[in-house]
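# Chains, contacts and geometry: an overview
One-letter residues, chain by chain:
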Amino acid sequence: MKEHTIYSAAIYLRLSREDIDSGTKSESNSISSQREMARTYVREQEDMELFDIYVDDGYSGANFDRPEFKRMMADIEAGNVNCVIVKDLSRLGRDYIEAGRLIQKTFPAFHVRFIALTDNFDSRSADSSTKSLVVPVKNFINDSYCRDISQKVKSSQKAKREQGKFIGSFAVYGYRKSAEDKNRLCPDEYAAQIVRNIFSWKLGGMSAQAIAQRLDALGVLSPMEYKKSLGEKYSTSFRTGTTAKWSAVAVNRILTNEMYTGVMVQGKSGKVNYKVKKLVAKPEEEWVRVEGTHEAIVSREDFEIVQELLKVDTRAKADGTCSHFFSGLLFCGDCKEPMYRRVNRYKGVSKVYFICPTRNRGQGCTRHSIPEEELKAVVFQTLQAHLSVFLDLCSQSEHIRDMEVDFEEVARFDKEMERLRKEQEKYLELRAGLHEDLKTGLITEEDFRNFRAIYEKKYEETESTLQKQEEMIKKLFRNGVASGVKLERFREAMKLTELDRDTLLCFISRIEVFEGKKVYVKFRWEEEFHKMLALQEYAASKAEGGKGAAV
């Protein structure tokens, strides 16, 4: 390509969020300022005419994945442009390797003259030292600036996350950003009610797909369409059609989002580095969780029950809408597999019963058959007996708050905490014995390190469990039983004449059926129950001690 006496010039302008955030530089780097400076320069040149202006507003200089830059390069390759003008080198880009490649190789290959106005660089007149030394140094400084800004932004975001401030572009479905504070979430009452309905339907036994179909049938806008209806420029990779519909994936995403319990959960993903836009998922232990930052839409209790239901087989019945009454809770007592619901119809009479599926697959377990109504009656009777004892303990335990109590003294009556302490002592003894085993040659150095790591990990796990147990008993005897459990729900359940699924899920976490129709029921709040027994033993011992002193 021959060198033209008249240059066909492209003005390239770029402004990123980093430039805006840098305060005093925002005005000098503004698009209008860059445009005026470049156009004035072109007008003053007799050998230059403007071909087009390319503007990337809001794009980082850390990479060259920018729409207008790509359009300019296409015009260069087509021979329409042979001169590129920018305000300074940083406007072209802050990646010193890629920027250097453009200036020193790509532009010369297409016979393109490159001009950076405020850096006083013109490739036509620049000498070799400027091209080989000054420009690379300036590009390196620009790259370092970009890296520095990226680190500052990350640090600022990290601090806000740890303070429980919301820093996302869009509020999670069910919430909106507060008008007074954009870093605080407030319930969006319409969407919040939809979220409550989704959790309620799931607790009622509906599958995620059935919930999605019900929402569509009711004309409820999907999260994406709802945000768009509010005027938000929202897009997502989960969109599958012109109008986004509810899906089982969208429903499950809501059902597993802890944000609805009032916990701010952020930092689930992050960029590889400041030059790569791609987000990568972070392990759950690296997420930032801050409790009590916003109003809960769903109770912690219901959220945790739903998480348990999602872990087990909750297949819908034949009509595809709801799973059976005991879905997610009923298991074979021997093989631990979820039990199957079967319906026998004979002469117009239907009989519903549950069986172990392993038997049907010929894998050795027995049938464990039990009629549904009989199972309901057994579970209901067991539940009422358990609630009666629990409420009785609650009423007796409330007066402990008025006693002069010492935690260490109370803790001695807790058998579970005593067991945990003995387990800790066992791991300490095992770890101490490793040195002697190493000296006598019973174990190798590698065995020594491996066993020591195992015992230390077990000790730490036991210590963590012990601390939770201590916190629970402190809460119960200092603040009263009502602070640990919802007594009102216990009292309401005692008034029921038959078992319903809400009550079942509220109080029971697992049911196992053994041969001979023997049923084992695992209740929620079992730990609180055992702690209350410890408190009762303590109260009884104090009472006996008082009598002895009086005598």
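Residues numbered from 1 in each chain as written. Predicted model: local features only at pLDDT ≥ 70, side-chain atom pairs only at ≥ 80, totals over all residues. Heavy atoms only, no water.

## What about the pattern of salt bridges?
This is how the line gets drawn: Whenever a carboxyl oxygen of Asp or Glu lies within 4 Å of a side-chain nitrogen of Lys or Arg, that contact is scored as a salt bridge. Runs of H or I in DSSP of at least four residues are treated as helices and runs of E of at least two as strands, each being numbered from the N terminus. Exposure categories follow from relative accessible area, calculated using a 1.4 Å probe and restricted to protein chains: below 20% of the type maximum is buried, above 50% is exposed, and the middle band is partly exposed.
Taken as a whole, this structure holds 22 salt bridges when the rule is applied. The closest approach of N and O atoms between Glu98 and Arg101, which form a salt bridge, is 2.6 Å. With Glu98 and Arg101 both in helix H6 (residues 96-109) and 3 residues apart, the pair spans about one turn of that helix. Classification of Glu98 by relative accessible area gives partly exposed; the value is 33%. In this structure, the salt-bridge partner of Arg419 is Glu423, at a minimum N-O distance of 3.0 Å. Taken together, the residues span about one helical turn, with Arg419 and Glu423 both in helix H16 (residues 415-439) at a distance of 4 residues.

## Things to note about the sheet that holds strand E14 (residues 349-355)
The condition is simple: Two strands qualify as a pair provided DSSP detects at least 2 bridges between them.
Pairing in this open sheet of 3 strands is antiparallel, and the strands run E13-E14-E15 from one edge to the other. The open sheet terminates on both sides in strands that have one partner only, identified here as strand E13 (340-346) and strand E15 (370-371). The pairing of E14 with E15 spans 2 bridges and is antiparallel. Counted as the bridge partner of Phe354 is Ile370 from E15.

## With respect to the nonpolar core
Threshold: Residue types Ala, Val, Leu, Ile, Met, Phe, Trp, Tyr and Cys, when buried and joined through side-chain atoms within 4.5 Å, form a set referred to as a nonpolar core. We call two residues contacting when some pair of their heavy atoms lies within 4.5 Å.
Core analysis: the biggest nonpolar cluster contains 71 residues, and Tyr173, Trp246 and Tyr260 have the highest contact counts within it. For this core, the element with the most residues is helix H8 (residues 189-203), which contributes 8 residues. Non-local contacts of Trp246, meaning those with residues more than four positions away in its chain, are made with Tyr173, Ile194, Ile198, Ala212, Leu215, Asp216, Val220, Leu221, Ser222, Pro223, Val251 and Ile254. Core analysis: the second largest hydrophobic core is formed by 22 residues, Tyr12, Met72, Ile76 and Ile103 among them.

## Concerning the sheet that holds strand E17 (residues 518-523)
So the rule is basically this: A fitted line through C-alpha atoms represents every axis, and for helices the fit uses only the stretch in contact; the resulting angles, taken between N-to-C directions, go from 0 to 180 degrees.
On the basis of which strands lie adjacent, the open sheet formed by 3 strands has the order E12-E16-E17 and mixed pairing. In the strand order of this sheet, the two ends are held by strand E12 (330-332) and E17, each with one partner. When strand polarity is set aside, the average angle formed by the axes of neighbouring strands in this sheet is 25 degrees. Two elements, strand E16 (residues 508-514) and E17, share 6 bridges in a ladder whose sense is antiparallel. By the bridge assignment, Glu512 is partnered in E17 with Tyr520.

## Regarding the packing of aromatic side chains
The line we're drawing: In summary, the pairing rule links any two rings of Phe, Tyr or Trp, Trp by its six-membered ring, whose centres are within 6.5 Å, and it sorts them by plane angle into stacked for under 30 degrees, edge-to-face for over 60 and tilted for everything else. A positively charged side chain is recorded as over a ring if its NZ (Lys) or CZ (Arg) lies within 6 Å of the ring centre. The angle to the ring normal must also be within 35 degrees.
Inspection of every chain in the model, using the stated rule, returns 13 aromatic pairs. Taken together, a centroid distance of 5.8 Å and an interplanar angle of 75 degrees make the contact between Tyr173 and Trp246 edge-to-face. With Tyr173 in the loop between helix H7 (128-162) and strand E6 (175-177) and Trp246 in the loop between helix H10 (223-229) and helix H11 (248-255), this pair connects stretches of sequence that are 73 residues apart. Residue classification places Tyr173 among the buried positions, given a relative accessible area of 5%. Measuring from ring centre to ring centre gives 6.3 Å for Phe199 and Phe303, while their planes differ by 40 degrees; the resulting arrangement is tilted. One end of the pair, Phe199, is in helix H8; the other, Phe303, is in helix H12 (residues 300-311), with 104 residues separating them in the sequence. Both residues of the pair, Phe199 and Phe303, belong to the buried class. Each residue in the set Tyr173, Tyr190, Tyr226 and Trp246 is aromatic and connected to the rest through ring pairs, giving one cluster. Between Arg214 and the ring centre of Trp201, over which it is positioned, the NZ or CZ distance is 4.7 Å.

## A closer look at H12
Heads up, the condition is: Expected span, for any helix, means 1.5 Å times one less than how many residues it has.
With 12 residues, H12 should reach 16 Å at 1.5 Å per residue; the first-to-last C-alpha distance of 17 Å fits that figure. Those residues of H12 that fall on the buried side of the exposure criterion are Glu301, Phe303, Ile305, Val306, Gln307 and Leu309.

## A closer look at the confidence of the model for the chain
The following threshold applies: Values of pLDDT, which run from 0 to 100, indicate the predictor's confidence residue by residue.
Residue-level pLDDT values for the chain average 79, and 74% of them are 70 or greater. In the model, residues 21-25 has pLDDT below 50 throughout and makes 3 contacts with residues more than four positions away in sequence or in other chains.

## Re the packing of helix H9 (residues 208-217) against H11
Stated precisely, the cut-off is as follows: Roughly parallel here means an angle under 35 degrees, roughly antiparallel means over 145, roughly perpendicular means 65 to 115, and every remaining angle is called oblique.
Interhelical geometry of H9 versus H11 gives an angle of 105 degrees and a closest axis separation of 8 Å. Judged by the inter-axis angle, H9 sits roughly perpendicular to H11. Of the residues in H11, those touching H9 at Ala208, Gln209, Ile211 and Ala212 are Ala248, Val251 and Asn252.

## Some remarks on a positive patch on the surface
The test is simple: Distance thresholds for patches are 9 Å for like charges and 5 Å for nonpolar side chains (Val, Leu, Ile, Met, Phe, Trp, Tyr), applied to residues having over 30% relative accessible area and no salt bridge. Residue burial considers only the protein chains on display, and all accessible areas are found by Shrake-Rupley using a 1.4 Å probe. Neither His nor the chain ends contribute to the count of charged residues, in which Lys and Arg are positive and Asp and Glu negative. Where a charge lies is defined by one atom per residue type, namely NZ (Lys), CZ (Arg), CG (Asp) and CD (Glu).
On the surface, a cluster of positive charge is contributed by Lys160, Lys165, Lys177 and Lys182. Secondary-structure assignment places Lys165 in the loop between H7 and E6. Classification of Lys165 as partly exposed rests on a relative accessible area of 34%.

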